[in-house]
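If you want the building blocks of each chain, they are given just below.
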Amino acid sequence: MKETTPIDEKQINAAPLKSFFVSMLTRDIDLEDSILDLLDNCVDGILRSRPDEGNQPYYGYKAEIRLEKDLFLISDNCGGIPWNLHKYAFRMGRDPERQSDAPGLVGYYGIGMKRAIFKMGRNCSISTKNINHQYQVEITQDWLQDEYTWDLPVKNINWKGKDGTIIKITNLYSNISKQFEENSKKFTANLERIISTHYAIIIEKGFEIKINNQIVVPRTTKLVFDSHQLEQTGIRPFIFKTITSDNVDVFLAVGFWRPPPSENEINEEKESTKYSSMDAGWTIVCNDRVVVFCDRSELTGWGEAGVPRFHNQFIAISGVVEFRSKDPGKLPTKTTKRGLDSSAPIYLQVKNKMREGMKIFTDYTNKWKGREDESKKQISKGENLPLREIRQKSEKLSMNTTSRTVIPGEQYRPNLPKPELPESTARRISFVKENIKIKKVAAYFGDSSLDPSDVGEKCFDLVYQEAK
Amino acid sequence: MAGPSYHMRINKAADRFSLIEIIKRLPKLKNNLDEYTYYGFGGPFLEDMRLIYEFYPEIRMISFEEIRKVFLRQKFHIPCGPEQLTLENCNVTNFIDNLESTDEKSIFWLDYTDLDLICFTDFEKLLNKLSQGSVIKITIRADPRDYWIIPKNIENRRQKSRMIENFRRIFGEYLPRPSAVPSWKSEDFAYLLQEMMQIVVQNSLSADITNLTFYPISSFYYSDSTWMFSITGIIWPRTDFEAVEDAFKDWEFKNLVWNRPIHIDIPNLSTKERLHLQKHLPRERPRGPVLRAEMGHLIDEDIIRTEYALEQYAAFHRYFPYFLRGIP
Ligand SMILES: Nc1ncnc2c1ncn2[C@@H]1O[C@H](COP(=O)(O)OP(=O)(O)O)[C@@H](O)[C@H]1O
Ligand SMILES: [Mg+2]
């Protein structure tokens, strides 16, 4: 047996490696999402400097993003990073000592900003002014490669203009630079699409976002609301609202954003391969941030518990749920990444209501199938309203209060028009014939441009006259 | 087909001729023309086939035509023997779907008459299958009137917002901005379609997966009663832009960096007028005033328009087709 060598050390190094952090942190997040994290910080900045809730709490605040071959820059006037936060703001992860600084902030885990920087490039300066401090923190390639130093240099600067922050990242990684240069059209289009949906509500409430000097126009869901004779039948959304015992404010509305498509329209859509149903599906909003946009899967109750799976015939149905809380921990969001926590109890409770509401509109669609002309007429009596206005309208509706159901709250169940024919005595007939033949028969009826379904119906009526 | 008869589309004829000019410069990129196959929708008269055969008899040609009647008419107009030109009675989308990727060089002209999603998806698929040195020309309808009605009343306004919604729904994934709408100005509409084509290129030949890209060579918009947009480019290594620049630097109508499309608007001149102007061409810009003086009369409403028209004529005069009474 060989003799063993005794060890001298009393301790061994278990410190994390900076390079490990940097690469792990950035690996499982998309570039677009990490840019959204930076916008989230701007919004947190606004809430910190101006916590009052008005109709347009973000009015006057803006963020500008610039994407160039070797530059990512985001500048904002959202209040800056308070100097008293410097002990936390630049560290990776949340210091347990740190107190929540303002109600309603989404930032919690202390990684968004750093992750975005490390994802994009090797050099970065963060300049900021908050009330009476104006300073700049710099991250360099040398710092990134040095496994031992965790301190960052900071210095006073002269800041002009309103309190705000500029994050400037250079020495970009080549995969990032490619997105900003060679793929720039595609990348900016996609980024703008994501921002226009995910920040739609915040932009509508006054925040201005520019990408390479182009203002981002918000894209919100607008549901058809027939304001005439509210006690009568009419196309209106299903509405549910409540404040949970945890003090989370919930508002849900689901309905039509357009008339249901006719069979012909559906067939046409099938032919174009990459058809996107645009505004169909569920959008879920937590503290004004959209976490799910136009989802049409089980995540939002499609194809579950009696609700049919999403299919092109349902492209007219769209819904929104808004969750709001002063304590972001109570919201059904994922921990470190953007997205819905679909197993959060509050979400599962609300999902019942989502399915309940959605079912009303899938039923309507099925009942009026083949008579889309009539449903088109019914829908054109209403107008498309944004959620904010639907909220106002809901004050005038007679809501039904429940207190002993899975999720207590108030709800409005619209009384949608029903087809006159009782369903059970009528059946649908459909068949396929060659186009030229249909045209021929249509011409026989005096109009070769007749809709195929009309041609079929006329044939039936004709024969029925004989058979009667 | 609506609009003036095929032969009378002078702006389209110039666009077609621009392809001849592009092909002429391909050897500068170390491509032998006899390595190429030309694929196109020849139309009933196989006009582009006739032209290519006239200039570059070494290029093999394949024409696809979906409509049986037109296909039979093409057989009648075939300008050369079957070794040189194959006529296929098939749909272009199917043709592209069934096309095998090869190292052989191709020149494709996707000459659509409408504006459909399929134009973009066909182009996207084709970009992925063709080899370095291949040329693609794609022509699509770009008529603002398809999307623009003056919103006089509520019904109009509704109809208009439906049309725009429809446009966004169909083309959403290729729009450079989600809020983009078709402009009522043909130039802006054409540029929007060009930006959409650029996104197709960045999707299909994304910088993070390949060093091949599609460098545009020319882009035009014109109307022979219907507005059209037409862009031509080459599949080439991204890192070798200089070679492309070099090959086309002498060509007046090049557009190598996705600049705004160039307007083709050739005036309708009589043969006599043209023969008269020909004597004073080519010459340096601006040519409108000089040619107007030479002509001695106005060919459009006023001086400004006449000079614009003559400038256009001077630019494209070599691409101007002759319609002569001849022996059939
Ligand atoms: N542009 C900004 N304006 C105001 N505050 C900011 C800005 N960017 C970052 N901050 C603040 O810096 C801190 C660190 O940000 P971040 O790394 O995203 O962690 P988190 O937001 O999870 O706390 C946060 O307190 C954040 O609010
Ligand atoms: Mg944050």
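What you are looking at is a predicted structure, and each value in this text was computed from that prediction instead of being measured.

## Description of the pattern of salt bridges
Residue and element names in this part refer to chain B.
Phase 1: What the rule picks out here adds up to 43 salt bridges over all chains.
Phase 2: A salt bridge links aspartate 250 to arginine 25; the nearest nitrogen and oxygen atoms lie 3.1 Å apart. You can see aspartate 250 sitting in the loop between α8 (241-248) and β8 (262-264) and its partner arginine 25 sitting in helix α1 (residues 10-25), a full 225 residues away along the chain.
Phase 3: Classification of arginine 25 as buried rests on a relative accessible area of 6%.
Phase 4: A salt bridge links arginine 305 to aspartate 302; its shortest N-O distance comes to 4.0 Å.
Phase 5: Using a relative accessible area of 31% as the deciding quantity, one classes aspartate 302 as partly exposed.
Phase 6: Each of the salt bridges in this network shares a partner with another, and the network as a whole consists of Glu21, Lys24, Arg25, Lys28 and Asp250.

## Focus on the domain arrangement of chain B
All names here are of chain B.
Phase 1: In terms of domain boundaries, chain B breaks down into domain 1 (6-264) and domain 2 (271-319).
Phase 2: Taken over C-alpha atoms, the centre of domain 1 sits 29 Å from the centre of domain 2.
Phase 3: On the side of domain 2, 8 residues touch domain 1, which itself brings 11 residues to the contact.
Phase 4: In total, domain 1 and domain 2 occlude about 810 Å² of area from one another, counting both sides; carbon and sulfur atoms represent 53% of this.
Phase 5: Run the count over domain 1 and domain 2 and you get 4 residue pairs in polar contact (both at pLDDT 80 or more).
Phase 6: No other element matches the 5 residues that α1 contributes to the side of domain 1 that touches domain 2.

## As for a negative patch on the surface
All names here are of chain A.
Phase 1: Among the surface-exposed residues, Asp373, Glu374, Glu420, Asp451, Asp454, Glu457 and Asp461 lie close enough to one another that they form a single negatively charged patch.
Phase 2: Of all the elements in the fold, those that place two or more residues in the negative patch are α11 (372-380) and α14 (452-467).
Phase 3: Counting residues per element, the negative patch draws most heavily on α14, which supplies 3 residues.
Phase 4: Its location among the elements puts aspartate 461 in helix α14.
Phase 5: You can call aspartate 461 partly exposed: its relative accessible area is 41%.

## A short note on the side chain of arginine 25 of chain B
Phase 1: A distance of 3.1 Å separates polar atoms of two side chains, one belonging to arginine 25 of chain B and the other to aspartate 250 of chain B.
Phase 2: Residues in contact with arginine 25 of chain B, not counting those within four places in the same chain, are Ala247, Phe248, Asp250 and Trp251 of chain B.

## Some points on the packing of helix α2 (residues 31-49) of chain A against helix α4 (residues 112-120) of chain A
Residue and element names in this part refer to chain A.
Phase 1: It is at 9 Å that the axes of α2 and α4 come closest, and there the two elements cross at 140°. What the angle tells us is that α2 and α4 run oblique. Considering how the two elements wind past one another, α2 and α4 form a crossing that is left-handed. Residues Leu31, Ser34, Ile35, Asp37, Leu38 and Asn41 of α2 lie in contact with α4, whose contacting residues are Gly112, Met113, Arg115, Ala116, Lys119 and Met120.
Phase 2: Counted by class, the contact of α2 with α4 contains 6 nonpolar, 3 polar and 3 charged residues.

## Some points on the interface of chain A and chain B
Phase 1: Contacts between the two partners involve 24 residues from chain A, matched on the other side by 26 residues from chain B.
Phase 2: When the shortest N-O distance is used, the salt bridge between glutamate 195 of chain B and lysine 185 of chain A registers 3.3 Å.
Phase 3: At the junction of chain A with chain B, the criterion picks out 12 residue pairs in polar contact (both at pLDDT 80 or more).
Phase 4: Mapped by element, the contributors of at least two residues to the side of chain A that touches chain B are α6 (174-180) and α7 (184-198) of chain A.
Phase 5: With 7 residues, the single largest contributor to the side of chain A that touches chain B is α7 of chain A.
Phase 6: Split by residue class, the side of chain A that touches chain B holds 6 nonpolar, 9 polar and 9 charged.

## Side note on a nonpolar patch on the surface
Residues and elements named next belong to chain A.
Phase 1: A cluster of nonpolar side chains, contributed by Ile429, Phe431, Phe460 and Tyr464, occupies part of the molecular surface with about 460 Å² of accessible area.
Phase 2: Tracing the backbone through its elements, the reader meets tyrosine 464 in helix α14.
Phase 3: Using a relative accessible area of 44% as the deciding quantity, one classes tyrosine 464 as partly exposed.

## Some words on the site of ligand 1
All names here are of chain A.
Phase 1: In the neighbourhood of ligand 1, 18 residues make up the surrounding shell, with Asn41, Arg48, Asp76, Gly110 and Lys114 lying closest.
Phase 2: In the model, an oxygen atom of ligand 1 is placed 2.9 Å from a nitrogen or oxygen of the asparagine 41 side chain.
Phase 3: Starting from 530 Å² of accessible surface for ligand 1 in isolation, the protein chains cover 96%.
Phase 4: Those elements that place two or more of their residues in the shell around ligand 1 are α2 and α4.
Phase 5: Of the residues that constitute the shell around ligand 1, the class distribution is 7 nonpolar, 7 polar and 4 charged.

## Points about the packing of aromatic side chains
Phase 1: What the rule picks out here adds up to 33 aromatic pairs over all chains.
Phase 2: Taking 6.2 Å as the distance between ring centres and 10° as the angle between the ring planes, the aromatic pair formed by phenylalanine 460 of chain A and tyrosine 464 of chain A counts as stacked. Residue phenylalanine 460 of chain A and its partner tyrosine 464 of chain A are located together in helix α14, separated by 4 residues, close to a single helical turn.
Phase 3: Following the ring pairs from residue to residue traces out a cluster consisting of Tyr39, Phe41, Phe64, Phe95, Phe108 and Tyr112 of chain B.

## Section: α7 of chain A
Residues and elements named next belong to chain A.
Phase 1: The first and last C-alpha atoms of α7 sit 20 Å apart over 15 residues, in line with the 21 Å expected at 1.5 Å per residue.
Phase 2: With respect to burial, α7 is a largely interior element, 11 of its 15 residues being buried.
Phase 3: By the burial criterion, the buried members of α7 are Lys185, Phe187, Thr188, Ala189, Leu191, Glu192, Ile194, Ile195, Ser196, Thr197 and His198.

Analysis parameters
Residues numbered from 1 in each chain as written. Chains lettered and ligands numbered in written order. Predicted model: local features only at pLDDT ≥ 70, side-chain atom pairs only at ≥ 80, totals over all residues. Heavy atoms only, no water. Salt bridge = Lys/Arg side-chain N within 4 Å of Asp/Glu carboxyl O. Helix = DSSP H or I, 4+ residues; strand = E, 2+ residues; numbered from the N terminus. Buried < 20%, exposed > 50% of the residue type's maximum accessible area, 1.4 Å probe, protein only. Domains from an automatic or database assignment. Contact = heavy atoms within 4.5 Å. Buried area = accessible area lost by both parts, 1.4 Å probe. Polar contact = N/O pair within 3.5 Å; in protein donor to acceptor, adjacent residues only side chain to side chain. Patch = residues over 30% accessible without salt bridge, like charges linked within 9 Å, V, L, I, M, F, W, Y side chains within 5 Å. Areas by Shrake-Rupley, 256 points an atom, 1.4 Å probe, with all protein chains shown as cover. Lys, Arg positive; Asp, Glu negative; His and termini not counted. Charge placed at Lys NZ, Arg CZ, Asp CG, Glu CD. Axes fitted to C-alpha atoms, helices over the stretch in contact; angles between N-to-C directions. Parallel < 35°, antiparallel > 145°, perpendicular 65-115°, else oblique. Left-handed = near helix turned anticlockwise from the far one by under 90°. Nonpolar A, V, L, I, M, F, W, Y, C, P; charged D, E, K, R; others polar. Near = heavy atom within 4 Å. Phe/Tyr/Trp six-rings, centres within 6.5 Å; stacked < 30°, edge-to-face > 60°. Expected span 1.5 Å × (residues − 1).

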